[in-house]
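Secondary and tertiary structure notes
Okay, here's what each chain looks like letter by letter:
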Amino acid sequence: MRVHPLNTLLLLSPATVLLLVFLLGPVAVVAVLSLTDWQFGAATLNWVGLANYAELWSDPVFRQSLANTLLYLVLVTAGAVAIGLGTALLIESDTQLRGFYRTAFFMPVASTLIAMAVVWQFLLHPSAGLVNHMLQWVGLQPQDWLNNRRLALYSLAAIGVWQMAGLAMVLFLAGLKSIPQDVRDAAALDGVTAASPGRCSGQPRCSSSPSAPSAHCRCSTPCTCSRAAGPTSRPRCCCTPSTPKASASSAWATPAP
Amino acid sequence: MVFQSYALYPHMTVGENICTPLLMRGLNFWQRLPGMRWLLPAVRRQHAAAEASARKVAHSLGIDALWGRKPAQLSGGQRQRVALARAMVRHPAVFLFDEPLSNLDANLRQALRAEIRQLHDQLGVTFIYVTHDQHEAMSMSDRVAVMREGRVLQLGTPDEIYRQPAHVEVARFVGAPRINLLPAEIRGAGIWVQGQQIGHVPPGQEGAACQVGFRPQLGLQDGDKGLALQGRISGVEYTGAELIVTVQLAHTQAQEQVVFCLPAQQAGLRVGEPLQAWVPLAQLHVFGADGQRLAFEPLSTQLDAAA
Amino acid sequence: MMLTFSARTFLFRALRHLLLMAGALVFLAPFIWMVLTSLKPVDEVFTRELTLLPTRLALVENYTEALTRVPLLRYLWNGLLVCTAILVLQIVVLLPAAYAFAKLQFRGKTWAWRLVLLALMIPHQATAIPTYVMLHHLGMLNTLSALIVPFSISAFGIFLMRQFFRTVPDDLVHAARLDGMSEFELVWRVMLPTAVPALFAFAIFSVVWHWNDYFWPLLVISSPELATPPLGTMFFRNEEAGINYGPLMAGTVLITAPLLLLFIAAQKRFIEGVTLTGVKG
C-alpha cells in the first residue's frame, strides 16, 4: 500500500537529522580533521595528509598504550567469558538458589563503575585494603596493587572482569535456556538407545508408595516404576523408548529462537 | 475488510477494537489526542455514540458477552466474529474478505460460512470474498472469478465455471476429485485421443498439443459409444459414499492415470483387475495448447443416442 | 566408588553451592565492604587487623557528612532528570523512524539503513570533540541540555525497535490504515503498545548506560550543581581528599543505591532486557 512520501519523510526526519548532526557528521568531521593540523581552538588549519598518523605511530607512548590496551582487552574478555560461562553452567545445572546467584553475579554490571572504582581503590589500598588484609590472613605477602608497575594492569583487568563477567553470564544463560527441549531429548535418547532401549541409564529412584510412583531416571522419556519382588529389592525404573527418528527430526526442524 | 489473520489490535479490548473505525472517522486529529475525551463534551458524545453503534453490531453477531476481553483471550471463531463486527460497524458499500476462514477448523468453517451467507442476504451489500477453497467459492457465491498469477481466467456463475470452464486451469481448480486430463493430438481437422478420433476442431490448430478433459463423476458407462479407455486398476479408495478408482491406462506413453468416482456398491473392483470404460463424447472438454477452451464437435457416429 | 543417586546429587549440589557461593562472595565483596565501611567511624577504618563489623555505629555521622559536603541528593536528582529526558526524547525520535524502516517502502531505504548500521558502530568518544565544539558555539555548554540533546538519537534503539517492529504482522498495519488512522497515529496507537517489551528492554539499557556515563558529563559540565552521579562521585572524592573513607563510602552507597535497588526490585525484567538487547544487538 502506498504511503504518501511526505508522511514517510515526516516520520524519518527527526531521526535522520539527529543522526547526521550528532553521530555521522561528527565522525566525518573527525576523519577530515585527522588529516589536518588543526589545534583545539585555533582559527585556521592546514592540510597535512597522513602526517598525524605517522607521528602517532612513531610515538613510543602511543605504542605502549596500544599494547596495554590490547593486553587489557584480552585479559578482560577471556576472564569475563570464562567466568561467565562457568557460572552460567553451574547455575543452570540445578534449580536451587538460581535467582540469588544470578543477582549476585550481575550486580557489578548494574552498578556505577565510577563509584565502585572508589570502593576498589579502597579495597586495594596497600595497608588498609581488604585484599591485602585477606592475603596477610592466609600468610601471603601484601602488594601495592595499583601503584606497582608490574601489577597495575592486572589489577585493573581483574576489576574489568569483575564488572563484565555478570553480563557474559546472563547472555550465556539465555543461550543455554534457548536450547530446545527436543534437542536435549534427542541427545539424551541417543545415549539410551546406544545401550538398550528398555534400560535406564541412571540410578532410578521411586517414591515409597507404589500407587503413585515417581521415578527420577536419567532418561528424557517417561519412566514407569515397578517394585520387584521382595522387601529389600530396590524398585526398578524402565524407560519408555520413543521413536528416536521422530525426536531427532523434530529437533532439527525446530527453528532457533 | 476482514483479514485472514483477523488483524485485531492486541492491546485493545473487543469493544475498543470495534469502536476504533467509528472514532477514527468521526473525530478529527485534535479530537483524537489522548485526554480529549475527558476535556471536550463533544468528543465524549462521539465516544458514546460510537459505543452504542458498536454494541448493536456486536449483539447482532452474538459477541456482546465478549465486550471487555482482549483478543488473546478469544478463540479463532470469536476473533473472526470480532473482525467481522469491526468491518460491519462502518456500514460499508462493499465488504472485502481475505480468506477469513482458512485459519479455522472444518466444523467452525462450515458454521461461519453459513453465517456469512446469511449476513450477506441480511445486509444486501456486495461481498468480495477471496479463497483458495473451491468448495467455498462454489457454494457461497453468486459469481466466481478464477484468477491465476494476477489474471482473471474466467468470470461467471458457479455453474458456468463447472460445466464450461474457459481454461484448463479453471477446469483443474474446480471439482473434486480433479478433472481427468489426457493429451490429445490434432491431425488436420480431427482431434485424436488414445488412438481414436473423437471429433473435429476449428481449423488453424494443426499439430498443436492439446488436452482433453472429463470429470471423474461420469462413471464407467456401458455400451461402446464414446471414448474407449482401457487399463488396470491401480488404486481403490472407499469414502463411505463412493469409490474413487484410479486406473492406469494401457495405451499411453506417459503412464497416464484417470480417476473415476463410482457408487460404493459397485462390485468387482480390486487393485490389479483390468477395466474398460467409455466416456461420452458430449461430456468432454477440449483445451488448446495455450489452455483456452476449443470449440469441439464430437464425431456423430460415436455419440450415444440418448446423450 | 558407587554412590547412591541421592548421595551423588547431594555431593554435586554441595559442590555447586560451594563454588557459586565463593564466587558470589567475591563478586559481592566490594558492595558489602562499601556498606560496612560507611558505618565505621574514622578510627576504625584504617586498622592493622581485619575488622569486618564496626564496634561503634557511625551511620549518622558518615551519611550526614556525605550529604552535606557536596549536594549528593542534587546529583541523584540530576541523574534522574537527565536519564528520563533522554529516554523520552529517544522514544519520540526513534519509534517513527523504526516504523518507517520496518513497514514502509521508500527510495533510498537500503542506503539509509546502512547509515544507521554504520552509526551503530561509532564509539561515543569519536564524536566527542566536534559535538563539544558545536555545543560551545551554541552556548549550551555547562547546561543540562548539553547532557540530554546529543543522546536524543540512539542508533541502537532504531536497530532494536526495527527488528521488533518487523515481527508485527503487516495485516495489523493494513487494518489500522483501513480504519482511518494516519501513519503518525499508527505508530503511537498500534505499534507502541505492541512494542512494550522491547521498549522496556531498551529503556533499561538506555537508563543504565546514561546513569553511569562519566565521560560526557566530565567534558561538558563544570559546575557541581549540574553534575550527574558519576561526576558527583568524583567531585565528592576530591572534596574528601581521600582520607576520610567513612563518609566517602557513605557517599558511594548513596550514589549506587538507586540503580542497585531498582535492579534488585526488577531483576527479572532487568536481565530479560539485557538479554534481549544483547542477543538481538
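Residues numbered from 1 in each chain as written. Chains lettered and ligands numbered in written order. Predicted model: local features only at pLDDT ≥ 70, side-chain atom pairs only at ≥ 80, totals over all residues. Heavy atoms only, no water.

What follows deals with the overall build of chain C. Looking only at helices and strands, chain C has 15 helices and zero strands in total. The globule rule puts the C-alpha radius of gyration for 281 residues at 19 Å, and the 24 Å found for chain C is more than 25% above it. Oriented by its inertia axes, the alpha-carbon framework of chain C measures out at about 75 × 70 × 35 Å. The buried share among the 281 residues of chain C stands at 52%. Long-range contacts, defined as pairs at least 24 residues apart, comprise 72% of the intrachain contacts of chain C with a sequence gap of at least 6. On chain C, roughly 13100 Å² of surface is accessible, and the fraction owed to carbon and sulfur atoms is 70%. (Helix = DSSP H or I, 4+ residues; strand = E, 2+ residues; numbered from the N terminus. Rg over C-alpha atoms; globule rule 2.2 N^0.38 Å. Buried < 20%, exposed > 50% of the residue type's maximum accessible area, 1.4 Å probe, protein only. Contact = heavy atoms within 4.5 Å. Areas by Shrake-Rupley, 256 points an atom, 1.4 Å probe, with all protein chains shown as cover.)

One finds Phe 31 and Val 220 of chain C to be the most contacted residues of the largest nonpolar core, which totals 75 residues. Here this core gets nine residues from one element, more than from any other, and that element is helix α14 (residues 245-265) of chain C. Discounting chain neighbours no more than four positions away, the residues touching Phe 31 of chain C are Met 107, Pro 108, Ser 111, Met 116 and Trp 162 of chain A together with Leu 260 of chain C. Counting 55 residues, the second-largest nonpolar core is a separate cluster that includes Trp 113, Ala 119, Val 173 and Ala 176 of chain C. (Core = buried A, V, L, I, M, F, W, Y, C linked by side-chain atoms within 4.5 Å.)

At the interface, 81 residues of chain C touch 68 residues of chain A. Between chain C and chain A lies a buried interface of about 6900 Å² when both sides are counted; carbon and sulfur atoms form 79% of it. Summed over the three residues of chain C that lose the most area to chain A, namely Phe 5, Arg 16 and Phe 27 of chain C, the buried surface amounts to 11% of that side. Counting across the interface, chain C meets chain A through one salt bridge. (Buried area = accessible area lost by both parts, 1.4 Å probe. Salt bridge = Lys/Arg side-chain N within 4 Å of Asp/Glu carboxyl O.)

A separate point is the interface of chain B and chain C. Counting residues at the interface gives 16 residues for chain B, matched by 15 residues for chain C. Between chain B and chain C lies a buried interface of about 1400 Å² when both sides are counted; carbon and sulfur atoms form 60% of it. Where chain B packs against chain C, one counts two salt bridges. Where chain B touches chain C, the interface holds seven residue pairs in polar contact (both at pLDDT 80 or more). In terms of residue count, helix α1 (residues 14-26) of chain B provides more of the side of chain B that touches chain C than any other element does, four residues in total. Considering only residue class, the side of chain B that touches chain C consists of nine nonpolar, three polar and four charged. (Polar contact = N/O pair within 3.5 Å; in protein donor to acceptor, adjacent residues only side chain to side chain. Nonpolar A, V, L, I, M, F, W, Y, C, P; charged D, E, K, R; others polar.)

Right, let's talk about the pairing of strand β1 (residues 94-98) of chain B for a bit. All names here are of chain B. Alternating residues of β1 divide into Phe 95 and Phe 97, all buried, and Val 94, Leu 96 and Asp 98, none buried. Alignment of β1 against strand β2 (residues 126-130), held across five bridges, turns out to be parallel. Looking at the pairing, Phe 97 lines up with Tyr 129 of β2. Tracing the backbone out of β1, into helix α5 (residues 106-123) and back to the parallel element β2 gives a crossover that is right-handed. (Pairing = 2+ DSSP bridges. Right-handed = clockwise from strand over helix to strand, strands pointing away.)

In the structure shown here, the tally under the stated rule is 20 aromatic pairs over all chains. Seen in terms of ring centroids, Trp 120 of chain A and Trp 162 of chain A are 5.3 Å apart; in terms of plane orientation they differ by 80 degrees. Their pairing is edge-to-face. Residue Trp 120 of chain A is located in helix α5 (residues 113-123), and its partner Trp 162 of chain A is located in helix α7 (residues 149-177); the two are separated by 42 residues in the primary sequence. There is no split in this pair, since Trp 120 of chain A and Trp 162 of chain A are both buried. Through pairs of rings, three or more aromatic residues link up here, namely Phe 95, Phe 97, Phe 127 and Tyr 129 of chain B. In this structure, Arg 63 of chain A packs its charged tip against the face of Trp 57 of chain A, placed 5.4 Å from the ring centre. Seen from the ring of Trp 67 of chain B, Arg 55 of chain B lies directly overhead, with NZ or CZ sitting 4.2 Å from the centre. (Phe/Tyr/Trp six-rings, centres within 6.5 Å; stacked < 30°, edge-to-face > 60°. Lys NZ or Arg CZ within 6 Å of the ring centre and 35° of its normal.)

Residue and element names in this part refer to chain B. Mapped onto the elements, Leu 294 comes out in the loop between β13 (285-287) and β14 (297-298). Leu 294 gets classed as buried once you look at its relative accessible area, which sits at 13%. When the C-alpha positions of Leu 294 and Val 212 are compared, they lie 9.9 Å apart, and in sequence the two are 82 residues distant.

If you walk through the whole model with that rule in mind, you get 14 salt bridges over all chains. As a salt-bridge pair, Asp 159 of chain B and Arg 163 of chain B come within 3.2 Å of each other at their nearest N and O atoms. Residue Asp 159 of chain B and its partner Arg 163 of chain B are located together in helix α7 (residues 158-163), separated by four residues, close to a single helical turn. Judged by its relative accessible area of 54%, Arg 163 of chain B falls in the exposed class. The partner of Asp 170 of chain C in a salt bridge is Lys 103 of chain C, with the nearest N and O atoms 2.8 Å apart. Of the two residues, Asp 170 of chain C is situated in helix α9 (residues 170-178) and Lys 103 of chain C in helix α4 (residues 72-103); the sequence distance between them amounts to 67 residues. Classification of Lys 103 of chain C as buried rests on a relative accessible area of 15%.

Keep in mind these values describe shape, not function.
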